[in-house]
Amino acid sequence: MASSSRLLALALAGAVVAAAGGCAPQEDKPNPTVTAPSCAKDSLPTRTPGKLTIATDQPAYEPWFAKDKPDSGEGFESAVAYAVAEKLGYARADVTWTRVKFDTAIAPGPKNFDFDINQFSITEERKRAVDFSAPYYLVRQTVIALKSSKIAGRKSLAELRDAKLGAQVGTTSYQAITDVLKPTREPQVYNSNDDAKKALQNGQIDGLVVDLPTAFYITGAEISDATIVGQVPQVGSPEAFGLLLDKNSPLTSCVTGAVGQLTEAGTLKQLEQKWLAQVAGAAELR
């Protein structure tokens, strides 16, 4: 099974090739790079010269942000935003945050920000209205359980072999059960996550497999006595999050180049481990 960082690098490569031309040298280096003259801070056509305006929703939820304060630098997406800003040459004092609703950000039309970070999944439909950077995060599948469940606190794939697990039909979550977790008991399939959550609450299954963002929401806001058991090794074609920009933004290739540098340096993986994998018991099951 390929590692998350390897898959992120592969996804990045495709996005960079698609975006090549804005900041990319025309000779033997096809990838955009923030050191090219047109990607230098003084050359970037940001909304406010010398400043970088970054948007996110309100409220901004943990663990993506801390205490609804994007400018704190705490939380995975806040940390990623400042890391990208730094690669583009912007100090923290040069960054301005603004609040934009999720649906407003993905709608066609001019934007009042340079880029938005808000767990935006990269889809072909959305790309008709907005630009995306290369992926900064590949969504992981996760096992959640009631705190009273026999599998709460288990830390390995082997310890989940006897578990009765469930997931929504036709999802990567279900594929994670059949291809990675491989329990000895037949997995339960549900038409919706709502049905699956009810089965978990009623004790009909030991654990529910959902993506990590959903797991954070379920355990933090919907089922108070639920807990994250752990993350499943990467499976299938994972959903990817990208920074969102205005359609045909002159910043897209430079922002993609910055994300690429953070991927290659291992910075994004380190931030993922710090802010996502180490909270709420969401370490990877091995």
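Cut-offs and rules
Residues numbered from 1 in each chain as written. Predicted model: local features only at pLDDT ≥ 70, side-chain atom pairs only at ≥ 80, totals over all residues. Heavy atoms only, no water. Pairing = 2+ DSSP bridges. Helix = DSSP H or I, 4+ residues; strand = E, 2+ residues; numbered from the N terminus. Axes fitted to C-alpha atoms, helices over the stretch in contact; angles between N-to-C directions. Contact = heavy atoms within 4.5 Å. Buried < 20%, exposed > 50% of the residue type's maximum accessible area, 1.4 Å probe, protein only. Arc of directions from axis to C-beta. pLDDT = per-residue confidence, 0-100. 1 Å grid on protein atoms, 1.4 Å probe; cavity = no way out; pocket = protein on both sides within 12 Å on 5 of 7 lines; lining within 4 Å. Points joined across faces, edges and corners; volume = space filled by probe spheres on them. Disulfide = S-S within 2.5 Å. Phe/Tyr/Trp six-rings, centres within 6.5 Å; stacked < 30°, edge-to-face > 60°. Lys NZ or Arg CZ within 6 Å of the ring centre and 35° of its normal.

### Quick word on the sheet that holds strand β5 (residues 141-146)
The strand order across the open sheet built from five strands is β7-β6-β8-β5-β9, with neighbouring strands paired in mixed fashion. The strands lining the two open edges of the sheet, one partner per strand, are β7 (188-190) and β9 (226-231). Taking the axes of each pair of neighbouring strands and ignoring which way they run, one obtains an average angle of 30° across the sheet. As defined by bridge partners, strand β6 (residues 165-168) adjoins strand β8 (residues 207-211) across two bridges and the pair is classed as parallel. Paired with Leu-165 across the strands is Gly-207, a residue of β8. Against the sheet, helix α5 (residues 172-181) engages β5, β6, β7 and β8, with an angle of about 145° to β6. Those strands touched by helix α6 (residues 193-201) are β5, β6, β7 and β8, and its axis lies near 150° from that of β8.

### Overview of helix α9 (residues 267-277)
For an α-helix, 3.6 residues make a turn, and residues three or four places apart therefore share a direction. For α9, the complete set of buried residues consists of Leu-268, Leu-271, Glu-272, Trp-275, Leu-276 and Ala-277. Down the axis of α9, the sector holding all buried residues measures 160°, keeping them to one side. Exposed positions of α9 whose direction lies more than 90 degrees from the buried face are Gln-270 and Lys-274.

### Comments concerning the confidence of the model for the chain
Per-residue confidence for the chain gives a mean pLDDT of 87, with 85% of residues at or over 70. Confidence drops under a pLDDT of 50 for residues 1-37, and excluding neighbours within four residues, the segment shows 65 contacts in the predicted structure.

### Some remarks on the layout of surface pockets
Looking at the largest pocket, its volume works out to about 580 Å³. Lining the largest pocket are 25 residues; nearest its centre among them are Tyr-61, Trp-64, Gln-119, Pro-213 and Tyr-217. The element best represented in the lining of the largest pocket is helix α7 (residues 212-222), accounting for seven residues.

### Describing the state of the cysteines
Every disulfide links exactly two cysteines, by a covalent bond between their sulfur atoms. Scanning all chains against the criterion turns up one disulfide. Disulfide pairing places Cys-39 opposite Cys-254 at an S-S distance of 2.0 Å. Across the S-S bond linking Cys-39 and Cys-254, the dihedral sits near -85°, which makes this disulfide left-handed. With Cys-39 in the loop between α1 (4-19) and β1 (52-56) and Cys-254 in helix α8 (residues 252-264), this residue pair connects regions lying 215 residues apart in the sequence.

### With respect to the packing of aromatic side chains
Per the stated rule, a full pass over the model turns up 11 aromatic pairs. Ring plane angle 90° and centroid distance 6.2 Å describe the contact between Trp-64 and Phe-216, whose orientation is recorded as edge-to-face. Note that Trp-64 is positioned in the loop between β1 and α2 (76-87) and Phe-216 in helix α7, a separation of 152 residues in sequence. Neither Trp-64 nor Phe-216 differs from the other in exposure class; each is buried. With a centroid separation of 5.7 Å and 65° between ring planes, the pair formed by Phe-76 and Tyr-137 is classed as edge-to-face. Of the two residues, Phe-76 is situated in helix α2 and Tyr-137 in strand β4 (residues 130-138); the sequence distance between them amounts to 61 residues. For the pair Phe-76 and Tyr-137, one class covers both residues: buried. Directly above the ring of Tyr-82 sits Arg-92, whose terminal nitrogen or CZ lies 4.4 Å from the centroid.

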